[in-house]
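# Secondary and tertiary structure notes
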Amino acid sequence: MSEALDERHPTHEPHLYLPCIGVVGERRGAGLGSAMLRHRLARADADGLGTYLEASSPRSRALYLRYGFKNLGEPLRVADSPLLWPMWRPPSR
């Protein structure tokens, strides 16, 4: 899995990598994921850094799209893993 993701992980500039963001089941949909994401993106923007992550579900991908992330090519699947969408967001000024 890491080899496949390494091929998509940006190397063109320094950036923030968000390896995972998670919210426990009964708290999903309450805005906690968005709050955590806004906090980290505000810091990345203040530091002039782009942000890279891999969305692990269509729902998380939709969230990241709303925050300005773009797909880095087609989603990846390694063996019988779920689809992963490598995504990038440039810094916002």
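Our subject in this report is the structure included herewith. (Residues numbered from 1 in each chain as written. Predicted model: local features only at pLDDT ≥ 70, side-chain atom pairs only at ≥ 80, totals over all residues. Heavy atoms only, no water.)

## A word on the sheet that holds strand β4 (residues 85-89)
- A sheet is described by the order of its strands in space; here four strands give the open sequence β1-β2-β4-β3, paired in mixed fashion. Two strands lie at the open edges of the sheet, namely β1 (15-18) and β3 (70-71), each paired on one side alone.
- In the sheet, strand β2 (residues 50-55) pairs with β4 via five bridges, with the strands oriented antiparallel. Paired with Leu 53 across the bridge in β4 is Met 87.
- Sitting on the sheet, helix α2 (residues 32-46) is in contact with β1, β2 and β4, with an inclination near 165 degrees to β1.
- Strands β2, β3 and β4 of the sheet are contacted by helix α3 (residues 58-66), whose axis makes an angle of about 15 degrees with β4. (Pairing = 2+ DSSP bridges. Helix = DSSP H or I, 4+ residues; strand = E, 2+ residues; numbered from the N terminus. Contact = heavy atoms within 4.5 Å. Axes fitted to C-alpha atoms, helices over the stretch in contact; angles between N-to-C directions.)

## Considerations on the pairing of β4
- Along β4, five of the five residues are buried, which leaves the element largely enclosed by surrounding structure.
- Of the two faces of β4, the one holding Trp 85, Met 87 and Arg 89 and the one holding Pro 86 and Trp 88 are both buried throughout.
- As paired elements, β3 and β4 share two bridges and run antiparallel to each other. Of the residues in β4, the one forming a bridge with Asn 71 is Met 87. (Buried < 20%, exposed > 50% of the residue type's maximum accessible area, 1.4 Å probe, protein only.)

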